[in-house]
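Observations on the model geometry
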Amino acid sequence: MTSVDSGTSADFIRSVIAEDLRTDKYGGRVVTRFPPEPNGYLHIGHAKSICLNFGVAAEHPGGVCHLRFDDTNPTREDMEFVDSIQEDVRWLGFDWQDHLYYASDYFEQLYALAEQLIRSGLAYVDSLTAEEIRDFRGTLTEPGRNSPYRERSLEENLDLFQRMRAGEFEDGRHVLRAKIDMASPNMNLRDPTLYRIRRVPHQRTGDAWRIYPMYDFAHGLSDSIEKVTHSLCTLEFEDHRPLYDWFLDSLEVYHPQQIEFARLNLTHTVLSKRKLRHLVEQGCVSGWDDPRMPTLSGLRRRGYTPRSIRKFCDRVGVAKRDTVVEMALLEHCLREDLNQHAPRVMGVLRPLKLIIDNYPEGQTEEFEAVNNPEDPSMGTRLIPFSRALYIEEDDFREDPPSKFYRLAPGKEVRLRYAYLVTCVAVVKDEQTGDVVEVHCTYDPDSRGGTAPDGRRVRGTLHWVTEADSVAAEVRLYDHLFSQPNPDEDTDGGDVPADLNPNSLEILQQCRVEPGLGEATPGSIYQFERQGYFVVDNADSKPGGLVFNRAVSLRDTWAKIQQAQKNPA
């Protein structure tokens, strides 16, 4: 099992566990679990729970974290999601070893426990319609009303429940409900449904069952069956804890401790599986792994690393109150990681041809370039140089503004690792008037980019050769939503209305260093002066390179922190 970063700090959950270990509450055991429902892809919010549950277990000798799929609703579940969830957990660096479980493994036990509640007079079969059950439930200010079927005899309840299992009834004809308190101020305790009829096959059990347990009933009892010690849940389950405890106490079974923590909320995106599913189904994105999505598969395709996400979760920490975290912090964690580990290369996104008039035609030479100044062990590489090059279109201005230190007529700049060059002429498109070619002269004595007479040259440009560079498509991604808090602008719908129309820009005429011609999917580089880019793991192929921009070089989070330290 991979441990969390050494910088993980103490929090209230770890304090509770430490006290339980001190008092020997669970015999010195620490058993947690990550229990996703296989009805969608995991997102960055799940990463926080994964890091917490697996991390807490890893911090204690003999600690164990289970991966359990709470697969109780076959109408929305699929093995595609089961497989993707396992891939994502492994990718983050965690290993459940031989502790992979499914709630469906316990269907027979759960059914027996439901019958036990009936025999104890604590559950009954209700024949109200779903609409009637909602009406009888009451409101936050008004108590609910007892169902007319609440006082059915034990024998009738058992008979109906067994016939529900046998498949005698259509969907919605009956449900099994707990008999708790229809006047409880906690709506979750107003005779919640335990089982409903679903005449659909299950992805693991096939047609063996015609009834399926509700999440609240199966969840806590699955924890109990697995002898989990600490059931760590997000805050929306706080009001469900009395129900969690009621099931365990009423059935007199092993009782884990449920502890709630604040869920992760992130600016410029949504972290609701329902809304993410809607984005996919409505074609707003290309799929669950679209690099604009907050899903782990989307972040992986975008270029995020497991280290950066674990560090982000550690910095966010574990709290008792919901907050919204700036997307800039997640990007900052990625920059920190890639700055240390990503090799540097040169890539020109919007090429402008540059000809060095006084450089010998047909001549080629090589320059040594540093792969990563933060890590000398990554060594150097040789890059070719010749008369015809490409530079960035934005690095040239025919009529430059004040303090423009890049290339302009009569101005001298440094070509990274190579020579000093001075612009002497331009070639324009006859129809549009746009500059299509820049002509320069070079100083042969400035090899390596240093002027022999010590003259100061302020601008340094990246470049690639025309002859040796490799063509590539580059996809520039931005926030999926324009507004920082899109959930506040749902207007009652599934998806906020402010989808960012500029969340993806595709550049198809880019040129990169020849060494990238063999770059493999998932490889991440820093394009000098541009940002960090990853070879797309879905669309890139030999002869058809595709890069996704993971994050720009500009660090918005650093500016936010500075503003917080020095408010106006």
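For the structure, see preceding data.
The sections below set out a description of the structure shown in this document. (Residues numbered from 1 in each chain as written. Predicted model: local features only at pLDDT ≥ 70, side-chain atom pairs only at ≥ 80, totals over all residues. Heavy atoms only, no water.)

Relative to the assigned elements, Arg-177 resides in strand β5 (residues 175–178). C-alpha separation for the pair Arg-177 and Pro-192, spaced 15 residues apart in sequence, amounts to 5.5 Å. A polar contact is formed between the side chain of Arg-177 and the side chain of Asp-126, at a distance of 2.7 Å. One polar contact links the side chain of Arg-177 to the main-chain carbonyl oxygen of Arg-190, over a distance of 3.5 Å. (Helix = DSSP H or I, 4+ residues; strand = E, 2+ residues; numbered from the N terminus. Polar contact = N/O pair within 3.5 Å; in protein donor to acceptor, adjacent residues only side chain to side chain.)

Quick look at the packing of helix α4 (residues 107–119) against helix α6 (residues 154–166) now. To describe two helices that pack against each other, one gives the angle between their axes and the distance between the axes. The contact between α4 and α6 brings their axes to 9 Å, and the two run at 160°. Here α4 lies roughly antiparallel to α6, going by the angle between them. Every pair of crossing elements has a handedness; the one defined by α4 and α6 is right-handed. Contact residues: α4 offers Glu-108, Tyr-111, Ala-114, Glu-115, Ile-118 and Arg-119, while α6 offers Leu-154, Asn-157, Leu-158, Phe-161, Gln-162 and Arg-165. In terms of residue class, the contact of α4 with α6 is built from six nonpolar, two polar and four charged. (Axes fitted to C-alpha atoms, helices over the stretch in contact; angles between N-to-C directions. Parallel < 35°, antiparallel > 145°, perpendicular 65-115°, else oblique. Left-handed = near helix turned anticlockwise from the far one by under 90°. Contact = heavy atoms within 4.5 Å. Nonpolar A, V, L, I, M, F, W, Y, C, P; charged D, E, K, R; others polar.)

One open sheet accounts for three strands, arranged β1-β2-β3; its pairing is parallel. At either margin of the open sheet sits one strand with a lone partner, and together these are β1 (31–34) and β3 (100–102). Neighbour-to-neighbour, the strand axes of the sheet open up by a mean angle of 35°, direction not taken into account. Sheet analysis places β1 next to strand β2 (residues 64–69), joined by four bridges and oriented parallel. Directly across from Thr-32, in β2, lies its bridge partner Cys-65. Across the face of the sheet, helix α2 (residues 44–58) comes into contact with β1 and β2 while running at roughly 160° to β1. Packing of helix α3 (residues 79–92) onto the sheet brings it into contact with β1, β2 and β3, and relative to β2 it is tilted by some 160°. (Pairing = 2+ DSSP bridges.)

The next point concerns the sheet that holds strand β12 (residues 344–345). Read from one edge of the open sheet, seven strands run β12-β25-β26-β27-β23-β24-β13, paired in mixed fashion. Since the sheet does not close on itself, it has two edges, and those belong to β12 and β13 (347–348), each with one partner. Pairing geometry for strand β26 (residues 531–535) and strand β27 (residues 545–552), over five bridges, is antiparallel. Paired with Tyr-532 across the two strands is Val-551, which belongs to β27. Packing of helix α12 (residues 327–341) onto the sheet brings it into contact with β12, β25 (524–527), β26 and β27, and relative to β27 it is tilted by some 115°.

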